[in-house]
Amino acid sequence: MLFGYTLAVIAGFLFTAGRNWTGQPTPTGVALQAFALLWVAGRVLMLTPYAMAAALVNAAFPVAVAIALAIPFVEEPQPAQLFLCRAAHAARHGGSGDPPFLARNAGLARTDEFAGRT
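Residues numbered from 1 in each chain as written. Predicted model: local features only at pLDDT ≥ 70, side-chain atom pairs only at ≥ 80, totals over all residues. Heavy atoms only, no water.

Enquirer: Any chance you could break down the overall build of the protein chain for me, citing the residues and the numbers?
Expert: Each helix and strand counted, the protein chain has six helices and zero strands in total. Shown N-terminal to C-terminal, the secondary structure of the protein chain runs as helices and strands in the order α-α-α-α-α-α. Residue burial in the protein chain is summarised as follows: out of 118 residues, 23% are buried. Partitioning the intrachain contacts of the protein chain with sequence separation of at least 6 by distance along the chain shows that 45% fall at a separation of at least 24. When the accessible area of the protein chain is evaluated, it comes to approximately 8200 Å², of which 70% is carbon and sulfur surface. (Helix = DSSP H or I, 4+ residues; strand = E, 2+ residues; numbered from the N terminus. Buried < 20%, exposed > 50% of the residue type's maximum accessible area, 1.4 Å probe, protein only. Contact = heavy atoms within 4.5 Å. Areas by Shrake-Rupley, 256 points an atom, 1.4 Å probe, with all protein chains shown as cover.)

Right, dumping it as structure tokens:
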């Protein structure tokens, strides 16, 4: 239950913050109710013997949230958003964790330093 609740809190935060970061609308009204219903359905299905349905619904919630958040972020990209996306990508695919590698992927270092031109 903790993981399901935490995911709902993070989704709610990102829907609110996404609107502030981009100035674009995020789900409200009926669309937001559909997200709430999807989340509640995942919680209820966990109490039933339908494990596969519970797994599918629980997997569908973060995918639906990601799609709903991608729309405003793609329509109105901001430099800070691009930095966060690059930093998340670098953290996820950082390999050895070498700081220059992370800096390069996160867009923190000058590109000419890595091209051999200093």
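Back to the write-up after that little detour.
Enquirer: Talk me through the nonpolar core; I want residue IDs and the actual numbers.
Expert: Core analysis: the largest hydrophobic core is formed by nine residues, namely Ala11, Phe15, Phe35, Trp39, Phe61, Val65, Ala68, Leu69 and Phe73. Among the secondary structure elements, those contributing two or more residues to this core are α1 (2-22), α2 (29-45) and α3 (51-75). Counting residues per element, this core draws most heavily on α3, which supplies five residues. Sequence-distant contacts of Trp39, defined by excluding residues within four places in its chain, comprise Gly4, Tyr5, Ala8 and Phe61. (Core = buried A, V, L, I, M, F, W, Y, C linked by side-chain atoms within 4.5 Å.)

Enquirer: Can you lay out the confidence of the model for the protein chain for me, pointing to particular residues and giving the numbers?
Expert: Of the residues in the protein chain, 64% reach a pLDDT of 70 or more, and the chain-wide mean stands at 77. Ranking the elements of the protein chain by mean pLDDT puts helix α6 (residues 111-114) last, at 48, and α2 first, at 93. (pLDDT = per-residue confidence, 0-100.)

Enquirer: So what about the packing of aromatic side chains? Which residues, and what values?
Expert: The final tally for this structure, using the stated rule, is two aromatic pairs. Ring centres of Phe13 and Trp21 lie 6.3 Å apart, and the angle between their planes is 80°; this geometry places the pair in the edge-to-face category. For Trp21, a relative accessible area of 38% corresponds to the partly exposed category. (Phe/Tyr/Trp six-rings, centres within 6.5 Å; stacked < 30°, edge-to-face > 60°.)

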